[in-house]
Amino acid sequence: MNLETCPGCGAAFPRRAGPMHPYMVSSPACWAAFGEVLAREYSEPALLSIHRLSVDAYAVQHPGSPCRQSIQSVGVHLIRLCLFLEHGLAPDRANEAMLAAGRIKHTFSWLEPPSALGAVTVHDVLQATETSAHAAMVRRWAQSAWDAWGPHHERVRQWLVQSNNSFKQNPPPGPA
């Protein structure tokens, strides 16, 4: 079997041709594996509560290059991982937090990716076929990805404070 190492997360997959994300650098096989994980999560209601962790972990393990889209993507996904893992953010609040972070994403700067982006990858999640095992592996994946970015945690926490202040000053309109 001819394996290819994903240039983002470092996981090894059988070589294959196919599409990739426009700015998250990955191998076609890794991108396809992520699609399989998302399909599993969308088809199993019990997995919806951890779905955003999958999205965040994948995004920060495939940071791309220092372009505006990559900088903003990594920033908002690291903020949401911080909120989930350090502050216990409930899944139903995740989009609210992401929108608040989006308001200040133009202020984000490039964070040099760590040399290793986490020991757990989308490949590991794909191997966990039972619902409870999948959910547990996603939690491990998210924690592993967040821990890998440890040298930048303080900057991410600063962005979180800025986004929270922006949200408090400009809350979304309430029901009419």
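S.K.: Explain the overall build of the protein chain residue by residue, including any values.
M.R.: Scanning the protein chain from N- to C-terminus turns up seven helices and two strands. Ordered by position from N to C terminus, the α and β elements of the protein chain give β-β-α-α-α-α-α-α-α. Seen through its C-alpha atoms, the protein chain measures out along the principal axes to roughly 55 × 35 × 25 Å. A burial count over the protein chain gives 48% of its 176 residues as buried. Contacts in the protein chain between residues far apart in sequence, at least 24 positions, make up 65% of those at least 6 positions apart. Each charge class in the protein chain can be summarised by its mean position, and for the 14 positive and 13 negative side chains these summaries are 7 Å apart.

S.K.: Break down the packing of aromatic side chains for me, citing the residues and quoting the values.
M.R.: In the structure shown here, the tally under the stated rule is four aromatic pairs. Here the aromatic rings of Phe-34 and Tyr-58 are separated by 4.1 Å at their centres, their planes lie at 10 degrees, and the arrangement is stacked. Here Tyr-58 lies in helix H2 (residues 51-61) and Phe-34 lies in helix H1 (residues 28-43), a separation of 24 residues in the sequence. Overall, the relative accessible area of 7% leaves Phe-34 in the buried class. On the basis of an interplanar angle of 25 degrees and a centroid distance of 4.2 Å, the ring pair of Phe-108 and Trp-159 is categorised as stacked. Of this pair, Phe-108 sits in the loop between helix H4 (94-102) and helix H5 (122-127) while Trp-159 is found in helix H7 (residues 153-169), placing the two residues 51 residues apart along the sequence. You'll find Phe-108 and Trp-159 in the same group, each marked buried. Site record: aromatic cluster; members linked through ring pairs are Trp-31, Phe-34 and Tyr-58.

S.K.: Can you tell me about the packing of helix H3 (residues 68-87) against helix H6 (residues 131-148), naming the residues and giving the values?
M.R.: For the pair H3 and H6, the least separation of the axes is 10 Å and the interaxial angle reads 120 degrees. For the pair H3 and H6, the sense of crossing is left-handed. Between H3 and H6, the contacting residues are Leu-78, Leu-81, Cys-82, Leu-85 and Glu-86 on the first element and Ala-142, Gln-143 and Trp-146 on the second. Of the residues in the contact of H3 with H6, the class split is six nonpolar, one polar and one charged.

S.K.: Talk me through the side chain of Gln-72; I want residue IDs and the actual numbers.
M.R.: With respect to the secondary-structure elements, Gln-72 resides in helix H3. Classification of Gln-72 as buried rests on a relative accessible area of 15%. Discounting residues that sit within four places of it in the chain, Gln-72 has contacts with Lys-105, His-106 and Phe-108.

S.K.: Kindly report on the layout of surface pockets, identifying the contributing residues and their values.
M.R.: Counted as a void, the largest pocket has a volume near 190 Å³. Considering the residues around the largest pocket, the lining is formed by 10 residues, among which Leu-83, Arg-93, Glu-96, Ala-97 and Asn-164 are closest to the centre. Elements supplying a minimum of two residues to the lining of the largest pocket: H4 and H7.

S.K.: Explain the confidence of the model for the protein chain to me, using residue names and the numbers behind them.
M.R.: Residues with a pLDDT of 70 or more make up 92% of the protein chain, whose mean pLDDT is 90. Between the elements of the protein chain, mean pLDDT differs from a low of 81, seen in H7, to a high of 98, seen in H6. Across residues 171-176, where pLDDT falls below 50, the model places three contacts with residues more than four positions away in sequence or in other chains.

The rules behind these values
Starting afresh in each chain, residues are numbered from 1 along the sequence in its written order. Since the coordinates come from a predicted model, pLDDT governs what is reported: local features require at least 70, and pairs of side-chain atoms require 80 or more to be given and counted, while whole-chain, interface and lining totals use all residues. Side-chain numbers here rest on the full set of heavy atoms in the structure, without hydrogens or water. Going along the chain from the N terminus, every DSSP run of H or I of four or more residues is numbered as a helix, and every run of E of two or more is numbered as a strand. Between buried and exposed lies partly exposed: a residue is buried under 20% and exposed over 50% of the maximum accessible area for its type, with that area taken using a 1.4 Å probe on protein chains only. Two residues qualify as a contact provided that any one of their heavy atoms is within 4.5 Å of a heavy atom in the partner residue. In this count, Lys and Arg are taken as positive residues and Asp and Glu as negative ones, while His and the chain termini are left out. Where a charge lies is defined by one atom per residue type: Lys uses NZ, Arg uses CZ, Asp uses CG and Glu uses CD. Note on aromatic contacts: the rings of Phe and Tyr and the six-membered ring of Trp form a pair at centre separations within 6.5 Å, being stacked when their planes are under 30 degrees apart, edge-to-face when over 60 apart, and tilted otherwise. Only the stretch in contact is used when a helix axis is fitted, and all axes are lines through C-alpha atoms; the angle between N-to-C directions ranges over 0 to 180 degrees. Less than a right angle of anticlockwise turn of the near helix away from the far helix marks a crossing as left-handed, whereas a clockwise turn marks it as right-handed. Under the convention adopted here, Pro, Cys and the residues Ala, Val, Leu, Ile, Met, Phe, Trp and Tyr are nonpolar, Asp, Glu, Lys and Arg are charged, and Gly plus all remaining residues are polar. A 1.4 Å probe that fits but cannot get out identifies a cavity on a 1 Å grid over protein atoms alone, an open set with protein on both sides within 12 Å along at least five of seven lines counts as a pocket, and a residue lines either if it has an atom within 4 Å of a point. Grid points are joined across faces, edges and corners, and a volume is the space filled by probe spheres set on the points. A score between 0 and 100, pLDDT records how confident the predictor is in each residue.

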